[in-house]
Amino acid sequence: MNLKQIADEVARSLSFAEISGQSAFITTPVTYANGTAVVVRLDPDADGYFVSDDGYGAFTAETMGALHTFVKVAAGVAKRGGVDFDQRSFFIVRVDRDQLPAAVAAIANVSAAAVERTIYALENMKVKRSKVLFQSRLEEAFGNRAKFDAPVQGVTREWDFAGVILDGNGVAAVFEFVAPAFTAVAAANMKIGDVRGLTDAPHAVAALADYDKTEPSLRAILSNTADKVISVGIAAADYRLAA
Amino acid sequence: MDPEFEAQIIAHLRVVCAASKAFDSPVRWIAVKDSRGNERLYLRGALRLDGQLGGGVSIFISTPRLEWESDVYGQLEVRRPGIRGHLRLLPIEWRPRRRHNNPASAPMGLRLLTLGDRWHDFEDNAPFGINGFNQTQTAIARELPRAISSFSDYLNLASEIWKLPDLRTIEQPPWSKTLF
């Protein structure tokens, strides 16, 4: 078999159609994040074709326990993709025969994109929950000595820190909550560096919202500036040790 | 995710896989219709592990109403504090309309396989952490351990994989044959 035949074989296997009842189902090369192929459904209508994802983007989110989040993000994804969404399916109505390839591609991409956006939204919700955990740990460890989003004077200017621990002499320690993003790490590094430049610098701790998702190189940069780099999920007793 | 927390979750999933399971209460099929009148059938219920309710485990099986002995999807769902949504465990798909492509990172013999009938073995996926179980990355699937040709065959196989003998007692989905 020559290369052209192999390539044709691959191309045919990536996309093909099946008929079930009055509907056609087209397997596309697009896949959801979990590896499942996106299949687009065609239904003949009075004025052309009705093209949809058959509600499978929503079903995938349902198997993740994330249908509620999916429905919240789907409208925006549909609008950006130029298609419609009806709380369950992405669809395009009144599609002419010669418009079907573009319609199928649009629906496949939007359905997969909506699941990706759902995953992203869930991960951002995890960061919010991490912040709540961080604050509750500080309260448990330091009681009313812990202040939140409080200003601390550095060498060059004042900075707001996510957690500030006070004692009789003033600021004993600063804790900065750091999301797993380049900009968050850069900002934390700058703040901690400026405060650690003080003559009587407080202890400085970088508390990572997601230790594993923060790149090792970025963790190392924080380690160069902060006294300790911790995960927000550690026990309250370990917060006291870190300070 | 904190590595220690992730390890605890994986350990819990392993316990769930190994436990003998039973329905906590009778289950039945329900139908959900979309705006075009297409119906999907669902069967859901909490499960006891080794005779005790707890551990956040339930069963989920779904199939379109207008199919007949095809496109059946089933999974165990595990909910845990600190995990948004739920984790998918041991999914089993029979005559699915949608294929699955294994990732290039899968072990030899499973790498880049395209599968129709399939299931996800826990031990194939556990070394890769939680992301295969929360479906944020492509999990590793295998062919079914034996060919099945009826819904009762599917229930028998699923009852073995999920260690859920009660599954053999559930009724066939109320499918409606499509009329041409």
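Attention here is on the structure that accompanies the text. Since we're looking at a predicted model, the values are computed, not measured.

### Describing the overall build of chain A
Counting secondary structure elements, chain A contains 7 helices and 11 strands. Rg of the C-alpha trace for chain A: 26 Å, well past the compact-globule value of 18 Å for 243 residues, more than 25% over. Dimensions of chain A, computed from the C-alpha atoms along their principal axes, are close to 80 × 45 × 30 Å. Out of the 243 residues in chain A, the part that is buried amounts to 46%.

### Points about the packing of helix H5 (residues 182–196) of chain A against helix H6 (residues 216–225) of chain A
All names here are of chain A. Relative orientation of the contacting elements H5 and H6 amounts to 10 degrees, with a least axis distance of 9 Å. Taken together, the axes of H5 and H6 lie roughly parallel to each other. Contacts from Phe 182, Val 185, Ala 188, Asn 189, Ile 192, Gly 193 and Arg 196 of H5 reach H6 at Leu 218, Ile 221, Leu 222 and Thr 225. Considering only residue class, the contact of H5 with H6 consists of 7 nonpolar, 3 polar and 1 charged.

### Some remarks on the pattern of salt bridges
As enumerated under the stated definition, the model contains 17 salt bridges over all chains in all. A salt bridge links Arg 98 of chain B to Asp 54 of chain A, with the nearest nitrogen and oxygen atoms 3.6 Å apart. Residue Arg 98 of chain B is found in the loop between strand E6 (87–94) and strand E7 (100–101), and its partner Asp 54 of chain A is found in the loop between strand E4 (48–52) and helix H2 (56–63); the two belong to separate chains. A relative accessible area of 24% places Asp 54 of chain A in the partly exposed class. Arg 65 of chain B is the salt-bridge partner of Glu 39 of chain B, the closest N and O atoms lying 3.3 Å from each other. Placement of Glu 39 of chain B in strand E3 (residues 39–49) and of Arg 65 of chain B in the loop between strand E4 (52–64) and strand E5 (72–78) is noted, with a sequence separation of 26 residues between them. The exposure class of Glu 39 of chain B is partly exposed, given its relative accessible area of 25%. Here the salt bridges do not stand alone but share partners, grouping Arg 41, Asp 43 and Asp 54 of chain A together with Arg 98 of chain B into one network.

### Description of helix H1 (residues 3–14) of chain A
In this model H1 of chain A runs 17 Å from its N-terminal to its C-terminal C-alpha over 12 residues, within 8% of the 16 Å that 1.5 Å per residue would give. The backbone nitrogen of Lys 4 of chain A lies 3.1 Å from a side-chain oxygen of the residue at the head of H1 of chain A, namely Asn 2 of chain A.

### Notes on unusual backbone geometry
Only a minority of non-glycine residues have a phi that is not negative, and only a minority of peptide bonds are not trans. Phi angles above zero are rare outside glycine, and Arg 94 of chain A is one such case at about 55 degrees. Counting through the fold element by element, Arg 94 of chain A comes out in strand E6 (residues 90–95). For Glu 69 of chain B, which is not glycine, the phi dihedral falls at a positive 55 degrees. Summarising the element assignment, Glu 69 of chain B is placed in the loop between E4 and E5.

### Considering the interface of chain B and chain A
The parts lose accessible area when they come together, and the size of an interface is often stated as this lost area. In this assembly, 37 residues from chain B lie in contact with 42 residues from chain A. Interface of chain B and chain A: buried area, both sides summed, is about 3,300 Å²; carbon and sulfur atoms make up 45% of it. At the junction of chain B and chain A, the tally comes to 3 salt bridges. Remark: the boundary between chain B and chain A carries 17 residue pairs in polar contact (both at pLDDT 80 or more). Counting only elements with at least two residues in the side of chain B that touches chain A, the list comes to E3, E4, E5, E6 and E7 of chain B. Residue contributions to the side of chain B that touches chain A peak at 3 residues, all from E3 of chain B. Grouping the constituent residues of the side of chain B that touches chain A by class yields 8 nonpolar, 15 polar and 14 charged.

### As for a nonpolar patch on the surface
Residue and element names in this part refer to chain A. Together, Met 1, Leu 3, Ile 6, Val 10 and Leu 14 give the surface a local cluster of nonpolar side chains, amounting to about 510 Å² of exposed area. Positionally, Met 1 belongs in the segment before H1. For Met 1, a relative accessible area of 69% corresponds to the exposed category.

What counts and what doesn't
Residues numbered from 1 in each chain as written. Chains lettered and ligands numbered in written order. Predicted model: local features only at pLDDT ≥ 70, side-chain atom pairs only at ≥ 80, totals over all residues. Heavy atoms only, no water. Helix = DSSP H or I, 4+ residues; strand = E, 2+ residues; numbered from the N terminus. Rg over C-alpha atoms; globule rule 2.2 N^0.38 Å. Buried < 20%, exposed > 50% of the residue type's maximum accessible area, 1.4 Å probe, protein only. Axes fitted to C-alpha atoms, helices over the stretch in contact; angles between N-to-C directions. Parallel < 35°, antiparallel > 145°, perpendicular 65-115°, else oblique. Contact = heavy atoms within 4.5 Å. Nonpolar A, V, L, I, M, F, W, Y, C, P; charged D, E, K, R; others polar. Salt bridge = Lys/Arg side-chain N within 4 Å of Asp/Glu carboxyl O. Expected span 1.5 Å × (residues − 1). Polar contact = N/O pair within 3.5 Å; in protein donor to acceptor, adjacent residues only side chain to side chain. Buried area = accessible area lost by both parts, 1.4 Å probe. Patch = residues over 30% accessible without salt bridge, like charges linked within 9 Å, V, L, I, M, F, W, Y side chains within 5 Å. Areas by Shrake-Rupley, 256 points an atom, 1.4 Å probe, with all protein chains shown as cover.

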